[in-house]
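What follows is the residue order along each chain.
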Amino acid sequence: MAYQALYRTWRPQKFSDMIGQEIVTKTLKNAIITGQITHAYLFNGPRGTGKTSAAKIFAKAINCLHPVDGEPDGTCEICQAADNGTLGDIIELDAASNNGVDEIREIREDVTYAPTQAKYKVYIIDEVHMLSTGAFNALLKTLEEPPANVIFILATTEPQKIPATIISRTQRFDFKRINAQSAYERMVYILDQRGNTYDEAALKVIANAADGGMRDALTILDQALSFGDGHVTLENALLVTGSVTQTLLGKYVEAVVNQNTKQGLARLSEVLDEGKDANRFVEDLISYARDLLLYTEAPELVTLVPDETFTQLAKTQSANIWYNMIDTLNNTQQQLRFTNRPAIYLEVLTVKLSQPVGQEQTVPSASPTVDHTAVAVQPDRQSSKQQPTQQPTPSSVSEPAQSMAIDQERSQPAPEPAPMTSQKTRVAPHVSEDQAAVFSVLSEATRGDLDRVTAIWGDMINMLPVPEQAMLNVARPIAASSNGLVVAFDFDVIRVNAMRKADLLQTMVTQIRELTQAQHERQLVFITTESWPVLRSKFVAQLPKHKQQTPAVNPDVEEKADETEDNLVTEAKTIFDAGIVEEIDD
Ligand SMILES: [Zn+2]
């Protein structure tokens, strides 16, 4: 006999076999007991939650010759025929494969004939939202004048795609995602019945990976069983699901909420070393954070089986942490769609998640931004933050660079025993972010300086500790003079964080000087990649007219400029990073 998939063999035969849908099954049984049957039902819910099973059981129960408390007895000739699929009065149609007007027209004619064996003729239409408009219209006509003894059960995962005129003629049942605990228990039951053995952890992994669908859980279990000798091992379960273990997820989350960047990155590399997919990891993290969020408010909605790390995290951290984490993870998920270097984004993610909540937004973005909305970043985060951090006063938001420096001088004692330079005392002596500083570098910038810095940039990064490497992996030099260097960061959060790291800045200026064999250290200017186009055009625009056309600032340039717009670009290309200039000119 051909092998029967678990989910088929173990398809529930009675309402009492179904798991996780108590309200639905109770209501349906009551309808049968009291004889209150209606003409059309809509079974709505995620895939694999038992909609089709419930429809079949219901069809059997209303036709059963000796129903017991609303359940089919499973032994009468009607039940037997239904179980064998030979009962002509239960008609199943999959709208996903028969989108058809024809099929529905056929049904329209067919419904006029009385059931042959059973009391009721039952049409089960799966994925009903896939029907064409024409088919919906035909179906609607039937529902408007329902023939006696005919029942429609429409099942769908996407009720919003079904015309309201149809929905209003049905009695609706919402099927819930099956929580991991129930899925786990069902698998234990099935394996016990079959005489298989298992690692408990393996079933937990499968239950979590199935994400609320019992059919998926059993399909995964099937695969895991096929690897082993009738024993379900954790190793096989992980292999089949491609999941990051809950333990590892927990350790990672624990590290980042404790703001231990180093450990977070170490956990991340464990995940990546196992060859896990970046998207899958982020998805796993999202459901982990979601479960943590729900655990306090609505524990019954939690999909995973909590372990000690999980309950500890849920107890000690506030909901805010998880809201923020989910936000950040969602953003990363978007970014991952457009990159072929996912590891870098995961590193950045790890650094971000290790920030105290809200802190990443404490400093407004660099001054060149003309757009004020860019300054008023995510006010909800500011109000929701937990840890006391040096927040700029509201007034400082309008005048970023200046007042930020003042604020920080006030609130931070001595930043770090950073070696004093001859410059005026600032929080970070090696770095600025304001427009004046950018212009000052640009006015002396040369392609040669930029090339020299770019050439050693990678080596310089490699000399840094791992967390700081991750920060600079999303930054690049875009303009340089012998005295200054403009660095553009892809993420403002990272830029702001880097500006606070006195050690990092010190190492950067020292190493850049040594590696480029320069006379003196270059003043760093950190801006966002986003603000660069605005800055660049502002800089060019403020140059005296003749300078705009004469690339005097760059001794490498030989060609003389004409009065054409192209020369601005030519000049820009010679002083700035060409790649970035091209992006701007798009
Ligand atoms: Zn029966």
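Cut-offs used in this document
- Residues numbered from 1 in each chain as written.
- Predicted model: local features only at pLDDT ≥ 70, side-chain atom pairs only at ≥ 80, totals over all residues.
- Heavy atoms only, no water.
- UniProt positions renumbered as here; feature names shortened; annotations may be inferred.
- Helix = DSSP H or I, 4+ residues; strand = E, 2+ residues; numbered from the N terminus.
- Buried < 20%, exposed > 50% of the residue type's maximum accessible area, 1.4 Å probe, protein only.
- Contact = heavy atoms within 4.5 Å.
- Areas by Shrake-Rupley, 256 points an atom, 1.4 Å probe, with all protein chains shown as cover.
- Donors = N, O, S within 2.8 Å, 3.2 Å for Na, K, Ca; no water.
- Tetrahedral: all angles 85-135°; square planar, octahedral: opposite > 155°, others 65-115°.
- Core = buried A, V, L, I, M, F, W, Y, C linked by side-chain atoms within 4.5 Å.
- Pairing = 2+ DSSP bridges.
- Axes fitted to C-alpha atoms, helices over the stretch in contact; angles between N-to-C directions.
- Parallel < 35°, antiparallel > 145°, perpendicular 65-115°, else oblique.
- Left-handed = near helix turned anticlockwise from the far one by under 90°.
- Nonpolar A, V, L, I, M, F, W, Y, C, P; charged D, E, K, R; others polar.
- Salt bridge = Lys/Arg side-chain N within 4 Å of Asp/Glu carboxyl O.
- Phe/Tyr/Trp six-rings, centres within 6.5 Å; stacked < 30°, edge-to-face > 60°.
- pLDDT = per-residue confidence, 0-100.
- Expected span 1.5 Å × (residues − 1).

Per an unreviewed UniProt entry, the recorded name for the chain is DNA-directed DNA polymerase, and the organism is Weissella thailandensis. You can read under Catalytic activity (unreviewed entry) in the UniProt record for the chain the words "DNA(n) + a 2'-deoxyribonucleoside 5'-triphosphate = DNA(n+1) + diphosphate".

Student: Can you walk me through the overall build of the chain in this structure?
Tutor: Scanning the chain from N- to C-terminus turns up 30 helices and 11 strands. Burial analysis of the chain (586 residues in total) assigns 51% to the buried set. The contacts in the chain between residues at least 6 apart in sequence include a share of 72% that link residues at least 24 apart. As displayed, the chain offers around 27900 Å² of accessible surface, 48% of which is attributable to carbon and sulfur atoms.

Student: Help me out: how do you make sense of the coordination of the zinc ion in this one?
Tutor: A metal bound by six donors in octahedral fashion has ideal angles of 90 or 180 degrees, whereas one bound by four tetrahedral donors has an ideal angle of 109.5 degrees. Every protein donor of the zinc ion is listed here as Cys64 (SG), Asp73 (OD), Cys76 (SG) and Cys79 (SG), and their distances to the metal cover 2.0 to 2.3 Å. Taken together, the 4 donor atoms coordinating the zinc ion span angles of 97 to 120° at the metal, a pattern that classifies the geometry as tetrahedral.

Student: How should the nonpolar core be read in this particular structure?
Tutor: For soluble globular proteins, the rule of thumb is that nonpolar side chains tend to be buried together. Grouped together as the largest cluster of nonpolar side chains are 34 residues, with contacts concentrated most on Tyr252, Val253, Trp322 and Met325. Elements that contribute at least two residues to this core include exactly helix H12 (246-257), helix H13 (261-273), helix H14 (278-297), helix H15 (308-316), helix H16 (319-336) and helix H17 (342-353). Counting residues per element, this core draws most heavily on H14, at 10 residues. Those residues within four positions of Trp322 in sequence are excluded, and the remaining contacts are Val253, Val257, Ala289, Leu292, Leu293, Leu313 and Gln317. Formed by 31 residues, the second largest nonpolar core is a distinct cluster that contains Val348, Ile456, Met471 and Met508.

Student: Sorry if this is basic, but what is going on with the sheet that holds strand S11 (residues 523-528) here?
Tutor: Hydrogen bonds between backbone atoms are what pair the strands of a sheet, whose relative direction is either parallel or antiparallel. Ordered by their spatial adjacency, 4 strands build an open sheet running S8-S11-S10-S9, and the pairing between neighbours is mixed. Every other strand in the sheet has two partners, leaving strand S8 (431-432) and strand S9 (475-480) as the edge strands with one partner each. Sheet topology note: the strand S10 (residues 484-489)/S11 ladder contains 6 bridges and is parallel. When the sheet's bridge partners are listed, Gly484 is paired in S11 with Gln523. Running at roughly 160° to S9, helix H23 (residues 447-462) makes contact with S9 and S10 of the sheet.

Student: I tried to follow the packing of helix H9 (residues 200-209) against helix H11 (residues 234-241) on my own but got confused; where do I start?
Tutor: Two quantities define a packed helix pair, namely the angle between the helix axes and the distance between the axes. One can describe the packing of H9 onto H11 by two numbers: an axis separation of 7 Å at closest approach and a directional angle of 15°. Viewed along their axes, H9 and H11 adopt a mutual orientation that is roughly parallel. Between H9 and H11 lies a crossing whose hand is left-handed. Across the interface between the two elements, Ala201, Ala202, Val205, Ile206 and Ala209 of H9 pack against Leu234, Ala237, Leu238 and Thr241 of H11. A class-by-class count of the residues in the contact of H9 with H11 yields 8 nonpolar, 1 polar and no charged.

Student: Would you mind showing me how to read the sheet that holds strand S4 (residues 150-156) here?
Tutor: In space, the 5 strands of this open sheet follow the order S2-S3-S4-S1-S5, with parallel pairing throughout. The outermost strands of the open sheet, each flanked by one partner alone, are strand S2 (90-94) and strand S5 (171-174). Adjacent strand axes in the sheet meet at a mean angle of 15°, parallel and antiparallel pairs treated alike. Its contacts with the sheet put helix H3 (residues 51-63) on strand S1 (40-44), S2, strand S3 (121-126) and S4, and the angle it makes with S3 is roughly 180°.

Student: Sorry, what's going on with the pattern of salt bridges here?
Tutor: For side chains bearing opposite charge, pairing can occur when the charged atoms are close. Using the criterion set out here, one finds 15 salt bridges in the structure. Between Lys121 and Asp110 there is a salt bridge, with the nearest N and O atoms lying 3.7 Å from each other. Of this pair, Lys121 sits in strand S3 while Asp110 is found in helix H5 (residues 101-110), placing the two residues 11 residues apart along the sequence. Residue class for Lys121 comes out buried when judged on its relative accessible area of 4%. Owing to a relative accessible area of 28%, Asp110 belongs among the partly exposed residues under this scheme. One salt bridge connects Arg452 with Asp449, and the closest N-O pair in it is separated by 3.5 Å. Note that Arg452 and Asp449 are positioned in helix H23 at a spacing of 3 residues, about one turn of the helix.

Student: How should I be thinking about the packing of helix H8 (residues 180-194) against H9 in this particular structure?
Tutor: As a packed pair, H8 and H9 sit with axes 9 Å apart at the nearest point and diverge in direction by 130°. One way to sum up the angle between H8 and H9 is to call them oblique. In the crossing of H8 with H9, the sense of the turn from one axis to the other is right-handed. Residues Ala180, Ala183, Tyr184, Met187, Val188 and Leu191 of H8 pack against Glu200, Leu203, Lys204, Ile206, Ala207 and Asn208 of H9. Here the contact of H8 with H9 is built from residues that sort into 9 nonpolar, 1 polar and 2 charged.

Student: Got a minute to help me understand the packing of aromatic side chains in this structure?
Tutor: Working definition: an aromatic ring pair is given by the centre-to-centre distance plus the angle between the planes. By the definition in use, this model includes 13 aromatic pairs. Ring centres of Tyr295 and Phe310 lie 5.2 Å apart, and the angle between their planes is 80°; on these two criteria the pair is classed as edge-to-face. Taken as a pair, Tyr295 in helix H14 and Phe310 in helix H15 lie far apart in primary sequence, 15 residues in all. By relative accessible area, Tyr295 is classed as partly exposed at 26%. In this structure an aromatic cluster arises from ring pairing among Tyr41, Phe43, Phe58, Phe173 and Phe175.

Student: Teacher, can you tell me more about the confidence of the model for the chain here?
Tutor: For any part of a model where pLDDT is low, the fine detail of the predicted coordinates should not be relied upon. For the chain, the mean per-residue pLDDT works out to 79, and 80% of the residues sit at or above 70. Low pLDDT (under 50) marks residues 359-427, which in the prediction has 93 contacts with non-local residues, meaning those over four places away or in another chain. Low pLDDT (under 50) marks residues 549-570, which in the prediction has 31 contacts with non-local residues, meaning those over four places away or in another chain.

Student: How should I be thinking about unusual backbone geometry in this particular structure?
Tutor: With glycine set apart, most residues show a phi of negative sign, and most peptide bonds adopt trans. One non-glycine residue, Asp69, adopts positive backbone phi at about 50°. With respect to the helices and strands, the residue Asp69 is situated in the loop between H3 and helix H4 (77-84). Here Asp69 falls in the exposed class, since its relative accessible area comes to 61%. The backbone phi angle of Asn149 is positive, close to 60°, even though this residue is not glycine. When you line up the elements, Asn149 lands in the loop between helix H6 (133-144) and S4.

Student: Honestly, H16 in this entry has me stumped. Any pointers?
Tutor: Along an α-helix, a turn takes 3.6 residues, which lines up residues three or four apart on a common side. In this model H16 runs 26 Å from its N-terminal to its C-terminal C-alpha over 18 residues, within 8% of the 26 Å that 1.5 Å per residue would give. Within the sequence span of H16, burial applies to Asn320, Ile321, Trp322, Asn324, Met325, Ile326, Thr328, Leu329, Thr332, Gln333 and Leu336.

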